[in-house]
Amino acid sequence: MYPQQIIDALRHVRYPGNGKDLIESGMLEDDIRISGLQVSFSLIFDKENDPFMRSVIKASEAAVRTYAEPNAAVNIHAKFRKQTAPLIEDKPLPGVKHIVAISSGKGGVGKSTVAANLAIALAQQGKQVGLLDADIHGPSQPKMFQVEDARPMMTVVDGRELIAPIVQYGVKLLSIGFFVDPGNAVIWRGGLASNAVKRLVTDADWGELDYLLIDLPPGTSDIHLTIVQTIALSGAVIVTTPQPVALADARKGIDMFRNEKVGVPVLGIVENMAWFTPKELPQNRYYIFGKDGGKALAEEIHVPLLGQIPLVQSIREGCDEGLPIALQAGHPAAVFFDEIAQRIVQDER
């Protein structure tokens, strides 16, 4: 073996956060060492909690054995870039391990439904979970969690007065919907809306959490920038339907997170309403919005397809009744969300 073989092998490994190969991304340190069948080198990641670090290292080991030497003993070290002039405040949520944004390029694709069911699925897997409904102009989580009449109380933690989230179905929940009249439209300018979201993040008693999911508004806006500048997101999950109009907007959302000034890894894509299955014909699939559009997008931009969720009546009914389908462990529709939660947990290890 010689160094150029290692470099060429790593050109076959893509970093899911930006879709580029490791060499193009500048992730290979100039420290390749080869002794017989033993090879060692370092990969440079932006941060220590990079959600793709483990999978990228495994893929790199496999690439060396596939394209350089099948019997190679590969030892890969992880290094981390020094952060300069960070926009993010100094650990405003020190007790939260992973913060994941649930985003969509356009409204109506089921982003909030996915966020609610995913939060519950994670909680049922034994995780400590919080859910922030940051969709200022269309907060729907209070209804989905059957807590529309709840009003959060204030609590004192280490001398600070903080908002105590509402706990429902094992999930800590906060939403602007708790503080406004549900019958009136929320008409706020960008700055006011962004400040409200920031308060729900930093002035709340989230405590110790494995996951804080943030249900973002559709599209790209000041609120998205406020979130990424306030807290260190572990990654973003993009929700889309298979139809071309939704996919076009999903690409814009992905580009926002991957922008070098934002730098949030895209953990994967959830294709919602992937097909319609009538209750009377559970084996039938009708591709109302097109077939495999989210899957094709995931392959195109080199990120995981976290799951395809069908358009079934029980999922819609569950959220409308305040009893998301993920509460029914083992239900055929609940399994889809459970599998997505498992994939996210696996990627975060």
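For the structure, check the block above.
Note that the structure is predicted; figures quoted are calculated from it, not measured.

Thresholds applied
- Residues numbered from 1 in each chain as written.
- Predicted model: local features only at pLDDT ≥ 70, side-chain atom pairs only at ≥ 80, totals over all residues.
- Heavy atoms only, no water.
- Phe/Tyr/Trp six-rings, centres within 6.5 Å; stacked < 30°, edge-to-face > 60°.
- Helix = DSSP H or I, 4+ residues; strand = E, 2+ residues; numbered from the N terminus.
- Buried < 20%, exposed > 50% of the residue type's maximum accessible area, 1.4 Å probe, protein only.
- Lys NZ or Arg CZ within 6 Å of the ring centre and 35° of its normal.
- Axes fitted to C-alpha atoms, helices over the stretch in contact; angles between N-to-C directions.
- Parallel < 35°, antiparallel > 145°, perpendicular 65-115°, else oblique.
- Left-handed = near helix turned anticlockwise from the far one by under 90°.
- Contact = heavy atoms within 4.5 Å.
- Nonpolar A, V, L, I, M, F, W, Y, C, P; charged D, E, K, R; others polar.
- Core = buried A, V, L, I, M, F, W, Y, C linked by side-chain atoms within 4.5 Å.
- Pairing = 2+ DSSP bridges.

## Looking at the packing of aromatic side chains
Here comes step 1: Under the criterion given, the structure shown has 4 aromatic pairs.
Here comes step 2: Judged by centre distance (5.7 Å) and plane angle (90 degrees), the rings of Y15 and F52 are edge-to-face. Of this pair, Y15 sits in the loop between helix 1 (3-10) and strand 1 (33-35) while F52 is found in the loop between strand 2 (38-45) and helix 2 (53-67), placing the two residues 37 residues apart along the sequence. Residue Y15 shares its accessibility class with F52, and that shared class is buried.
Here comes step 3: The ring of W275 has R285 lying over it, and the distance from NZ or CZ to the ring centre is 3.6 Å.

## Overview of the packing of helix 1 against helix 2
Here comes step 1: Packing of helix 1 against helix 2 brings their axes to within 8 Å, and their N-to-C directions diverge by 120 degrees. The orientation of helix 1 relative to helix 2 falls into the category oblique. Crossing of helix 1 over helix 2 shows right-handed handedness. Residues I6, A9 and L10 of helix 1 form the contact with helix 2, whose own contacting residues are S60, A63, V64 and Y67.
Here comes step 2: Along the lines of polarity and charge, the residues of the contact of helix 1 with helix 2 split into 6 nonpolar, 1 polar and no charged.

## Let's talk about the nonpolar core
One broad rule of soluble globular proteins: the nonpolar side chains tend to lie buried together.
Here comes step 1: Core analysis: the biggest nonpolar cluster contains 106 residues, and F41, L43, I214, L233 and F257 have the highest contact counts within it.
Here comes step 2: The element contributing the most residues to this core is helix 3 (residues 111-124), with 9 residues.
Here comes step 3: Other than its neighbours up to four places away in sequence, L233 contacts K47, I99, A101, I214, I227, V228, F257 and V264.

## Quick notes on the sheet that holds strand 8 (residues 166-168)
Here comes step 1: The 8 strands are arranged 8-9-5-10-4-11-12-13 in an open sheet whose pairing can be described as mixed. Of all the strands in the sheet, just strand 8 and strand 13 (305-311) have a single pairing partner and so form its edges. On average, each strand axis in the sheet is tilted by 25 degrees relative to the strand beside it, whichever way the strands run.
Here comes step 2: Each of strand 4 (96-104), strand 11 (235-240) and strand 12 (266-276) touches helix 7 (residues 244-258); the most contacted strand, strand 11, lies at about 170 degrees to it.
Here comes step 3: In the packing of helix 8 (residues 293-301) onto the sheet, the strands contacted are strand 11, strand 12 and strand 13, and the crossing angle to strand 12 comes to about 160 degrees.

Nothing here speaks to function; it is geometry throughout.
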